[in-house]
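# Structural characterization, general
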Amino acid sequence: MKIIVTGGAGFIGGNFVHYMLNKYNDYKIICLDALTYAGNMETLEPVNCNPNFKFYKADIADREAVYEIFEKEKPDIIVNFAAESHVDRSIDNPGIFLQTNVIGTGVLMDACRKYGITRYHQVSTDEVYGDLPLDRPDLFFTENTPLHTSSPYSASKASADLLVQAYHRTFKLPVTISRCSNNYGPYHFPEKLIPLMIANALADKELPVYGKGENVRDWLYVEDHCSAIDLIIHKGRVGEVYNIGGHNERTNLEVVKIILKELGKSEDLIRYVTDRPGHDMRYAIDPAKIHNELGWLPETKFEDGIKKTIKWYLDNKDWWQHIINGEYKDYYEKHYSRK
Ligand code: NAD
Ligand code: TYD
């Protein structure tokens, strides 16, 4: 079995590459990644010498480059993680989100049609459903919840999902889509809430909480996301969407306070800053379909996952310090000085 993993130098794609190479010693894993600011070869260092692993630096929206790789590798399965993934950046610069997330997805599926594959899997997000109100804890996103996006990021992901479904209906491309809640764990880029707060707390820097910190996210340990995708690409029904989430809802403020407590730091480090425009209030997944059809259940509770994650950031300071001391520093200063 040969799998092309796009975006494999990023957070979830990188974890997926590690997960698959550990689990299947007869699979070939080909990573295709443009190495944008979010891609990091240090994430792939543990697998670089693995004979079952190969890396191509390429943009998924570059048709010629993508076709060349498909022609050469003749993959069985494509798992598309490659994306611009940060909501705040999509507010500053929506164009690149359309280019990678929509056009890039189209190019990959054209390559699948041209060269033939057994499965194209699109890694999507619960953000395509918009948000839920804080005063209705009984509501959850199901696969039938209408798409109702808030940010250029989520709109680009929803557009890609629609394109994937259209290629299935029109061209009979064997596709599946998964829509996952917020992930956390090792190799998470420090512009996102959890790693940013860990890094700032360790440096005794302020922890910038948007608005009142009341927004709720449904946190999933990244390895549980990987196991769900592994199940879907092998056993999921073609043409179907599967929601992935684990009933681990926390307000942002709760998350920040847990991190401070684990690190023995004072809550005085919290600074409430200007809210994100269009900020989604609550995301919460109903994972009944993937549980009932494929038997998937998350293994890691938030209390354990956050401890493991903090330990990873403590044990792997080089990995994230190279990022925060590099070009990301300019983004951080620009973004948070405006708040
Ligand atoms: P990330 O930003 O950490 O990584 C994205 C990767 O894609 C990087 O390695 C980057 O170099 C690569 N990439 C970007 N543009 C590319 C292009 N044009 N061609 C090739 N490679 C390109 O993102 P992530 O958090 O790992 O998210 C991965 C996927 O999962 C995304 O599709 C995202 O929408 C989805 N998702 C993420 C979360 C989350 O909590 N992080 C939750 C649900 C779904
Ligand atoms: P983020 O990690 O950007 O993921 P998403 O927007 O895709 O859910 O943000 C998670 C939550 O944390 C979101 O409600 C915004 C909030 N947040 C802050 O309060 N401060 C920050 O500095 C960041 C990056 C996010």
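See the structure above.
Summary of the structure given here. These numbers come from a predicted model, not from an experiment.

The rules behind the values
- Residues numbered from 1 in each chain as written.
- Chains lettered and ligands numbered in written order.
- Predicted model: local features only at pLDDT ≥ 70, side-chain atom pairs only at ≥ 80, totals over all residues.
- Heavy atoms only, no water.
- Helix = DSSP H or I, 4+ residues; strand = E, 2+ residues; numbered from the N terminus.
- Rg over C-alpha atoms; globule rule 2.2 N^0.38 Å.
- Buried < 20%, exposed > 50% of the residue type's maximum accessible area, 1.4 Å probe, protein only.
- Areas by Shrake-Rupley, 256 points an atom, 1.4 Å probe, with all protein chains shown as cover.
- Lys, Arg positive; Asp, Glu negative; His and termini not counted.
- Charge placed at Lys NZ, Arg CZ, Asp CG, Glu CD.
- Expected span 1.5 Å × (residues − 1).
- Near = heavy atom within 4 Å.
- Polar contact = N/O pair within 3.5 Å; in protein donor to acceptor, adjacent residues only side chain to side chain.
- Nonpolar A, V, L, I, M, F, W, Y, C, P; charged D, E, K, R; others polar.
- Phe/Tyr/Trp six-rings, centres within 6.5 Å; stacked < 30°, edge-to-face > 60°.
- Lys NZ or Arg CZ within 6 Å of the ring centre and 35° of its normal.

## Description of the overall build of the protein chain
On a plain count of helices and strands, the protein chain comes out with 12 helices and 13 strands. Expected size for 339 residues packed as a compact globule is a radius of gyration near 20 Å; at 19 Å, the protein chain falls within 12% of this value. With the C-alpha coordinates aligned to their principal axes, the bounding extent of the protein chain is approximately 55 × 45 × 35 Å. Within the protein chain, the proportion of its 339 residues that are buried is 57%. Surface exposure of the protein chain reaches about 14,500 Å², of which carbon and sulfur atoms provide 49%. If you average the places of the 40 positive and of the 48 negative side-chain charges in the protein chain, the two averages end up 2 Å apart.

## Quick word on helix 5 (residues 152–171)
Given 3.6 residues per helical turn, the α-helix brings residues three or four places apart onto the same face. With 20 residues, helix 5 should reach 28 Å at 1.5 Å per residue; the first-to-last C-alpha distance of 28 Å fits that figure. Where helix 5 is concerned, the buried positions are Tyr153, Ser154, Ser156, Lys157, Ala158, Ala160, Asp161, Val164 and Tyr167. One or two positions beyond helix 5, positive phi appears at lysine 172, with a value near 60°.

## Things to note about the site of ligand 1
Of all residues adjacent to ligand 1, which total 28 residues, the nearest are Ile12, Asp33, Ser85, Tyr153 and Lys157. Measuring from a nitrogen atom of ligand 1, one finds a backbone N or O atom of isoleucine 60 at 2.9 Å. Here an oxygen atom of ligand 1 sits 2.8 Å away from a polar atom, N or O, in the main chain of asparagine 183. Expressed as a share of its isolated accessible area of 830 Å², the protein-covered part of ligand 1 is 96%. Within the residue set of the shell around ligand 1, elements represented by two or more residues are helix 1 (11–23), strand 5 (119–125) and helix 5.

## Description of the site of ligand 2
Lining the immediate environment of ligand 2, one finds 19 residues, of which Glu127, Arg217, Arg276, His279 and Tyr336 sit closest. A distance of 2.9 Å is found between an oxygen atom of ligand 2 and a side-chain nitrogen or oxygen belonging to asparagine 182. Residue tyrosine 336 places a side-chain N or O atom 2.6 Å away from an oxygen atom belonging to ligand 2. Coverage of ligand 2 by the protein amounts to 97% of the 510 Å² it exposes when considered alone. Only helix 6 (193–202) and strand 8 (207–210) provide two or more residues apiece to the shell around ligand 2. Here the residues of the shell around ligand 2 sort into 9 nonpolar, 5 polar and 5 charged.

## Some points on the packing of aromatic side chains
Aromatic rings considered in pairs are described by the distance between their centres and by the relative angle of their planes. With the rule as written, the count across this model stands at 20 aromatic pairs. Look at tyrosine 187 and tryptophan 319: their rings are 5.7 Å apart centre to centre, the planes differ by 80°, and that puts the pair in the edge-to-face class. Of this pair, tyrosine 187 sits in the loop between strand 7 (183–184) and helix 6 while tryptophan 319 sits in helix 11 (residues 317–324), and the two are 132 residues apart along the sequence. Grouped by ring-pair contacts, the aromatic residues Tyr37, Phe189, Tyr328, Tyr331, Tyr332 and Tyr336 constitute a single cluster. Geometry around phenylalanine 140 places arginine 282 over its ring, the cationic atom sitting 5.4 Å from the centre. Seen from the ring of tyrosine 210, lysine 339 lies directly overhead, with NZ or CZ sitting 4.3 Å from the centre.

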